[in-house]
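Below, each chain spelled out in residue letters.
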Amino acid sequence: MVFYRDERQYTQQYVANIIGISRVAYRRWENNEVDFALSQLKKIAELYEVPIHEIILHSKFNRNQIISIPQKGHQYY
């Protein structure tokens, strides 16, 4: 996401403040050390004015780190 950030001349601190995380957490994401939550991806997509799927494609999203969350209650079909 460095491309989008540099294109707009935003600092890591500015983007981190908009998303509501620390600059270090944002840097770790930008360096592909961690993946963001969907709520954070939405904020980033809105900030850079690009679709969420584009953020995911460019971030080397690690599918192996997806954690399955069991559903509670009844299944409806």
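Residues numbered from 1 in each chain as written. Predicted model: local features only at pLDDT ≥ 70, side-chain atom pairs only at ≥ 80, totals over all residues. Heavy atoms only, no water.

S.K.: So what about the environment of L38? Which residues, and what values?
M.R.: Here L38 shows up in helix α4 (residues 38–48). The exposed category is assigned to L38, whose relative accessible area is 65%. Taking C-alpha positions, L38 is 8.8 Å from I52, a pair spaced 14 residues apart along the chain. (Helix = DSSP H or I, 4+ residues; strand = E, 2+ residues; numbered from the N terminus. Buried < 20%, exposed > 50% of the residue type's maximum accessible area, 1.4 Å probe, protein only.)

S.K.: Which residues make up the nonpolar core, and what are the values?
M.R.: In this structure, Y26, W29, F36, Y48 and I55 are the most contacted members of the largest nonpolar core, which totals 16 residues. Looking at this core, the elements with two or more residues in it are α2 (12–19), α3 (23–30) and α4. Discounting residues that sit within four places of it in the chain, F36 has contacts with I19, I21, A25, Y26, W29, L41 and I44. (Core = buried A, V, L, I, M, F, W, Y, C linked by side-chain atoms within 4.5 Å. Contact = heavy atoms within 4.5 Å.)

S.K.: Outline α2, listing residues and values.
M.R.: When α2 is considered as a whole, its buried residues turn out to be Q12, V15, A16 and I19. Around the axis of α2, the buried residues are gathered within 100 degrees of arc, so they sit on the same side. Of the surrounding secondary structure, the elements contacted by the buried residues of α2 are α1 (2–8), α3 and α4. Once α2 finishes, G20 follows within two positions and takes phi at roughly 90 degrees, a positive value. (Arc of directions from axis to C-beta.)

S.K.: Explain the packing of aromatic side chains residue by residue, including any values.
M.R.: The tally for this structure, following the rule as stated, stands at 5 aromatic pairs. Ring plane angle 70 degrees and centroid distance 5.4 Å describe the contact between F3 and Y4, whose orientation is recorded as edge-to-face. By relative accessible area, which is 6% here, Y4 ends up buried. With a centroid separation of 5.6 Å and 25 degrees between ring planes, the pair formed by Y4 and Y48 is classed as stacked. Here the residue Y4 occupies a position in helix α1, and Y48 occupies one in helix α4, the gap between them amounting to 44 residues. (Phe/Tyr/Trp six-rings, centres within 6.5 Å; stacked < 30°, edge-to-face > 60°.)

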